[in-house]
Amino acid sequence: MCSSDLGGTPVDKKVGHNYFRIAAEKGDFDSQYIWSQILIHGINQPADPAAAVPLLKFMIRRGNTRGNYLMGYLQEHGKGMKVDLVAAAKNYQIAVRRGWGPAEHALGNLYAEGKGVAKDQVKAMSYLKKAVKHRQALAAYDIGRLVPFQLQKSPCTHKCVLIGRIPQIRPP
């Protein structure tokens, strides 16, 4: 995006990052989340997930739900630390109890795949449906992967057939 798109002065990304860093250090929850995302994913700077870990621990101690979610993400994917799926699931569960949609999506996938938790398709479906209600669009795709299981697990009284991945009910 250039300055003419914004209708004002040119945007200096280093200055913007500095504002987020300072606000995060002063305790602003939203800035902590954004600054940790910048560190983890390398937004307009080199990624340094390990540098985000102390900030995430601070966020978690202060009760910032997004800190639990991001710590779970790092633990699940081994960014800035060793892979620890059990710890990732625990962090996601804390964020889920506080109603954080991305954590519901992530935890649903862990249950679907049996990573860090016992494989449980029913719990997976439940968490993914909650994630969809919290506007996590990709969770709907993951639900589609589990639909055949649902048809096998709870047969309906109608004559159901599976067309592609979408259950269709034939008229009587």
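Residues numbered from 1 in each chain as written. Predicted model: local features only at pLDDT ≥ 70, side-chain atom pairs only at ≥ 80, totals over all residues. Heavy atoms only, no water.

1. Examining the side chain of Thr65
- Structurally, the position occupied by Thr65 is in helix 5 (residues 65-77).
- Taking the relative accessible area as the measure of exposure, Thr65 reaches 14% and is therefore buried.
- Apart from residues no more than four positions distant in its own chain, Thr65 is found in contact with Ala95, Arg98 and Trp100. (Helix = DSSP H or I, 4+ residues; strand = E, 2+ residues; numbered from the N terminus. Buried < 20%, exposed > 50% of the residue type's maximum accessible area, 1.4 Å probe, protein only. Contact = heavy atoms within 4.5 Å.)

2. Digging into the pattern of salt bridges
- As enumerated under the stated definition, the model contains four salt bridges in all.
- Residues Glu25 and Arg21 are paired through a salt bridge, measuring 3.0 Å at the closest nitrogen-oxygen approach. On the criterion of helical spacing, the pair formed by Glu25 and Arg21 is a turn pair, its members being four residues apart in helix 2 (residues 13-25).
- Glu25 gets classed as exposed once you look at its relative accessible area, which sits at 54%. (Salt bridge = Lys/Arg side-chain N within 4 Å of Asp/Glu carboxyl O.)

3. Here we look at the packing of aromatic side chains
- Under the counting rule described, the total for this entry stands at three aromatic pairs.
- Note on Tyr69 and Tyr92: the rings are 5.9 Å apart at their centroids and 35° apart in plane angle, and the pair reads as tilted. With a gap of 23 residues between them, Tyr69 in helix 5 and Tyr92 in helix 6 (residues 85-97) connect regions that are remote in the sequence.
- Owing to a relative accessible area of 15%, Tyr69 belongs among the buried residues under this scheme.
- Here the aromatic rings of Tyr111 and Tyr127 are separated by 5.7 Å at their centres, their planes lie at 15°, and the arrangement is stacked. Here the residue Tyr111 occupies a position in helix 7 (residues 101-113), and Tyr127 occupies one in helix 8 (residues 121-133), the gap between them amounting to 16 residues. Tyr127 carries the same exposure label as Tyr111, and that label is buried. (Phe/Tyr/Trp six-rings, centres within 6.5 Å; stacked < 30°, edge-to-face > 60°.)

4. A few points about the confidence of the model for the protein chain
- When pLDDT is averaged along the protein chain, the result is 84; 79% of the residues meet or exceed 70.
- Ranking the elements of the protein chain by mean pLDDT puts helix 1 (residues 3-6) last with 47 and helix 6 first with 97.
- The low-confidence segment residues 161-169 (pLDDT under 50) makes 20 contacts with residues lying over four places distant or belonging to another chain. (pLDDT = per-residue confidence, 0-100.)

5. Some remarks on the environment of Phe29
- Residue placement: Phe29 occurs in helix 3 (residues 29-41).
- By relative accessible area, which is 29% here, Phe29 ends up partly exposed.
- Once residues within four sequence positions are removed from consideration, Phe29 is found in contact with Arg62, Gly63, Asn64 and Arg66.

6. Some words on the nonpolar core
- Ranked by internal contacts, the top residues of the largest apolar core, which has 37 residues, are Ile40, Leu56, Tyr69, Tyr92 and Leu107.
- Every element with two or more residues in this core is listed here: helix 3, helix 4 (49-61), helix 5, helix 6, helix 7, helix 8 and helix 9 (137-153).
- Element by element, the count of residues in this core is highest for helix 7, at six residues.
- Not counting residues within four places of it along the chain, the set of residues in contact with Ile40 comprises Ala47, Pro49, Ala52, Leu56, Leu70, Tyr73 and Leu74. (Core = buried A, V, L, I, M, F, W, Y, C linked by side-chain atoms within 4.5 Å.)

7. Thoughts on unusual backbone geometry
- You will see that Asn44, though not glycine, has its phi angle at about 60°, which is positive.
- Taking relative accessible area as the criterion, Asn44 reaches 52% and is therefore assigned exposed.
- The backbone phi angle of Arg135 is positive, close to 65°, even though this residue is not glycine.
- Note on placement: Arg135 falls in the loop between helix 8 and helix 9.

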